[in-house]
Amino acid sequence: MKVLKFGGTSVGSAEAMEQVKSIVKSYTDQNKSLTVISSAMSGITNLLVEMGTKAAHNDETYKTHLLEIEEKHFTATKILISVREQGKTLAKLKKLLNELEDLMHGVFLLRELSPRTMDLLLSFGERMSCTLLADYFIQEGISTEFIDARNLVITDDQFGRARIDRNTTNHNIRKYLSAKEVVYVVTGFISSTAKGETTTLGRGGSDYTASIFGAALDAEEIEIWTDVDGVMTADPRKVKKAFSLKELSYEEAMEMSHFGAKVIYPPTLQPAFHNKIPLRIRNTFNNDFEGTLIHERTTPGDYTIKGISSIEQISLINLQGSGMVGVPGVSSRLFSALAREEINVVLITQASSEHSICFALDPKDAFRAKETIEEVFALEIQAGKIDRVVIENDLSIVAIIGENMRNTPGIAGKMFEAFGKNGINISAIAQGSSELNVSVVIHQYDLAKTLNTLHEVFFLSDIKTLNVFLVGTGLIGGTLLKQISEHNTSLKEEQALKINITGLSNSRKMAFSTDGLDIDQWKNILDSSEQKADMAGFVKQMKALNLSNSVFLDCTSSDHVVGFYKEILDRRISIATPNKLASSGEYDLYRTLKDTAVRNGIKFLFETNVGAGLPVINTLRDLLNSGDKILKIEGVLSGTLSYIFNNFQKGTRFSDIVKGAQERGFTEPDPRDDLNGMDMARKILILTREAGYKIELSEIDIEMLLPDTCMKAESIDAFFEELEKENDHFDKLLEKAENEGKRLRFIAKMENGKARIVLEAVDLENPFYALSGSDNMISITTSRYLERPLVVKGPGAGAEVTAAGVFAEIVSLSHFLG
């Protein structure tokens, strides 16, 4: 014997019922004995509740719902039942609808809807769906008998949530269902008292009916047919990467159902658990899929946990005070009072100090619980021994569940580390000694982020997804997008990393997608976007999405964007940027941003501010972190100035070299922006600060390369005219250096926290002597690298190397985040 239960969506339309018939027939063709339990058609129970509520409030519009119910059942009947036979079925349904109409008229006149009447009202949903389903089976050649479960399932008179009389019910089921070789179609959810009064079994009652019948008949398996592929690893509405579990133990399923797994209702498992009957959760609309098997023992799986479950809305109440410490009976008084008020407690935690007891409950019970507690502990509160009760709302519970967690070290650590790196705050924690469940209370705002974070950590650790929000699609940003596109496949294969461009903005438009924008179509996406660029709006939407593993990239040179850095870091979103304005602005801002990142356990990365793709700042930090002391830093930190002086040789004119550099795109449009030394000053400023010194840009001594006549020229053309007049000056400097066997280099220097920029002639022993092309070079003298300084050399400018440096920081963040 198999017991098959079909939920509301499984019988929600004529097409769905046809699918149910196919499933049932596939079993009867194999001579399987079947009992089919059915819910009401989807939406009908809600209509019945609304209809009853309106009638009780003397609202005649309840009649429109009655017509809706009639139309839905009659429409399905006319599709499923042949014209010759449908009159009988319609007559049965009409009789039930007439009873329902009479009941509603009585409620309307009395203006009262008692729990007893509500149970009778709700029973019509299952009675009508099963009447139609049984007649349809008979027409299709399936030997079928309709059973009204009220004649067999006997309960007490606790209307709305009746408790069954197990012995009487089991006797009735065994006696009645063992007599014939037919498919029994049984109404789920409904039952009756010994006096024949209609009762219901509460939320999920149809599943419970299936479990009751399965246990009574000692079924080989109970199948719960629904609209999802079994029990999922997490709520698929919030976790798109959730997948079906092959199997669960009874204990795991009970934990999953308690913490919000919608496809299982906790009481459902009790009769099956007691009789060791396997349950299988299957999808009516994907019946080739085997679904999830719930049974006594499971085989060890590939994952340390089985699932992540959640309760979306809960409230937290904390009872605390010095008068609780060492006082016996406080917990007993608290929970006995709540039990008397029939207030269910979902989670409990108490610190070893005994100073407080914290518990979670349904928000609708929170205020009543507060009043109850304050009444019970009125004397202690008045004496100041116990504080007044405070309710904390807008919270959720998330639980990781699985038998493999037992005796496996590091599970909780992995969980809390993921929370810390994604800025998820925990309000309360609970874990039993069985090690089957670790539950946390978090802010409801963080629920989706928490579920996705945990799902990636425990189920998808082979692939990590970074959600990147990029502002600035100019030369560096555009190059970076191209590099990510070219390497995304290799990143997945070699580093198990997927980079989603989740948010994107240029100076005109912005666009977002939680699934990741098509990186190869980013220009078209921005052009066609209806969202105008707005940095405040961009940050607001990035925060609102609240995605795990989020990274903000600033590829602009905008001071306006920098103004949002602290807000972004405070939302625990890491930042990587080639924009120098934050790290080389006022020291207080630099320090604030660094401290904010550290405090929030995230990263503020700006490696490309100094050496583009060269590992300068990281090298400096590694030296300091290893206990070394920075004594001196020297560097040619401008690719432009490196190119100019590397190519300024005997027989060339300085003005021609600068002009050629401009034409090749090596300088800014106005070369004075390079020749004024400010770019190098900002870079040595950053290195000085990273070495541990407090310094402002105004404190750096810059030796001016050019006279005021050049720097104050009215136009770029006028500048070159003035520069030609200075060729003799530079020729003399070059001649003097060459006569001494030296070369001219524009060098940034820092020693003892003092920084300066100078034009210097260096000899053959100086590492800067051999510089060529547009390479940068940084020489770091430390206590360990005293005789021979540590030297970093390579291309220090250009969109390709700068974008590559930002790309490297993105990859490093993926390792940091998990």
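Everything below is about the structure shown above.
Our subject in this report is the structure included herewith. Here the structure is a predicted model, which is why all the values come from computation and not from measurement.

Parameters at a glance
Residues numbered from 1 in each chain as written. Predicted model: local features only at pLDDT ≥ 70, side-chain atom pairs only at ≥ 80, totals over all residues. Heavy atoms only, no water. Helix = DSSP H or I, 4+ residues; strand = E, 2+ residues; numbered from the N terminus. Areas by Shrake-Rupley, 256 points an atom, 1.4 Å probe, with all protein chains shown as cover. Lys, Arg positive; Asp, Glu negative; His and termini not counted. Charge placed at Lys NZ, Arg CZ, Asp CG, Glu CD. Expected span 1.5 Å × (residues − 1). Buried < 20%, exposed > 50% of the residue type's maximum accessible area, 1.4 Å probe, protein only. Phe/Tyr/Trp six-rings, centres within 6.5 Å; stacked < 30°, edge-to-face > 60°. Core = buried A, V, L, I, M, F, W, Y, C linked by side-chain atoms within 4.5 Å. Contact = heavy atoms within 4.5 Å. Pairing = 2+ DSSP bridges. Axes fitted to C-alpha atoms, helices over the stretch in contact; angles between N-to-C directions. Right-handed = clockwise from strand over helix to strand, strands pointing away.

Attention now moves to the overall build of the protein. For the protein, the count of helices and strands is 30 helices and 30 strands. Projected onto the principal axes, the alpha-carbon positions of the protein cover approximately 115 × 70 × 55 Å. As displayed, the protein has an accessible area near 36,400 Å², and 48% of this comes from carbon and sulfur atoms. One finds the centroid of the 91 positive side-chain charges in the protein at a distance of 3 Å from the centroid of its 112 negative side-chain charges.

On to helix α26 (residues 678-690), then. Working note: α-helix, 3.6 residues per turn, so residues spaced by three or four point in the same direction. Between its first and last C-alpha, α26 extends 18 Å over 13 residues, near the 18 Å set by a 1.5 Å rise per residue. Taken across its 13 residues, α26 has ten buried, putting it largely inside the fold. Within α26, burial applies to Met 680, Ala 681, Lys 683, Ile 684, Leu 685, Ile 686, Leu 687, Thr 688, Arg 689 and Glu 690. A positive phi of about 110° marks Gly 692, the residue just after α26.

Time to look at the packing of aromatic side chains. Any pair of aromatic rings gets described here by the distance separating the centres and the angle formed by the planes. Enumeration according to the criterion identifies 22 aromatic pairs in this entry. On the numbers, 5.9 Å between centres and 25° between planes, the contact of Phe 6 with Trp 225 is stacked. One end of the pair, Phe 6, is in strand β1 (residues 2-6); the other, Trp 225, is in strand β8 (residues 221-226), and 219 residues separate them in sequence. No difference in accessibility class separates Phe 6 from Trp 225, as the two residues are buried. Taken together through their ring pairs, the aromatic side chains of Phe 469, Phe 512, Phe 538, Phe 552, Tyr 565, Tyr 587, Tyr 590, Phe 604 and Phe 606 make up a single cluster.

Time to look at the nonpolar core. Phe 552, Ile 644 and Ile 684 are the most contacted members of the largest nonpolar core, which has 76 residues in total. A total of six residues in this core trace back to one element, the largest contributor, which is α26. The residues touching Ile 684, leaving out its near neighbours within four places in the chain, are Ile 633, Leu 637, Ile 700, Ala 748, Lys 749, Met 750, Ala 755 and Ile 757. Counting residues in hydrophobic clusters, the runner-up holds 52 residues, among them Ile 23, Ile 44, Met 51 and Phe 189.

Strand order across the open sheet formed by three strands is β4-β6-β7, with mixed pairing between neighbours. The strands lining the two open edges of the sheet, one partner per strand, are β4 (154-155) and β7 (198-200). Summarising the sheet, β4 and strand β6 (residues 190-193) pair through two bridges and their orientation is parallel. Paired with Ile 154 across the bridge in β6 is Ser 192. Seen against the sheet, helix α5 (residues 115-139) touches β6 and β7 and runs at an angle of roughly 80° to β7.

So, on to the sheet that holds strand β11 (residues 292-295). In space, the eight strands of this open sheet follow the order β3-β5-β2-β1-β8-β10-β11-β9, with mixed pairing throughout. The sheet is open, and its two edges are formed by β3 (144-147) and β9 (247-249), each paired on a single side. When the angles between neighbouring strand axes are averaged without regard to direction, this sheet yields 20°. Direction of pairing for β3 relative to strand β5 (residues 183-187): parallel, over a ladder of four bridges. Directly across from Ile 147, in β5, lies its bridge partner Val 186. Against the sheet, α5 touches β2 (34-38), β3 and β5, its axis set at about 165° to β5.

Secondary-structure assignment places Ser 505 in strand β19 (residues 497-505). Sequence separation between Ser 505 and Phe 243 is 262 residues; the distance between their C-alpha atoms is 33 Å.

This paragraph deals with the pairing of strand β12 (residues 307-320). Counting buried positions along β12 gives ten out of 14 residues, so the element sits mostly inside the fold. Taken together, the nine bridges between β12 and strand β15 (residues 390-401) define a ladder with antiparallel strand orientation. Bridged to Ile 317 within β15 is Ile 391. Where β12 and strand β14 (residues 356-361) come together, six bridges link them in antiparallel fashion. Across the sheet, residue Leu 316 finds its bridge partner in β14, namely Ala 360.

Before going further, it helps to spend a moment on the pairing of β2. Of all five residues that make up β2, five are buried, and the element is covered over most of its length. The parallel pair β1 and β2, bridged by helix α1 (residues 14-28), forms a crossover whose chirality is right-handed. Both β2 and β5 contribute to a ladder of four bridges, which runs parallel. Counterpart to Ser 38 in the pairing with β5 is Thr 187.

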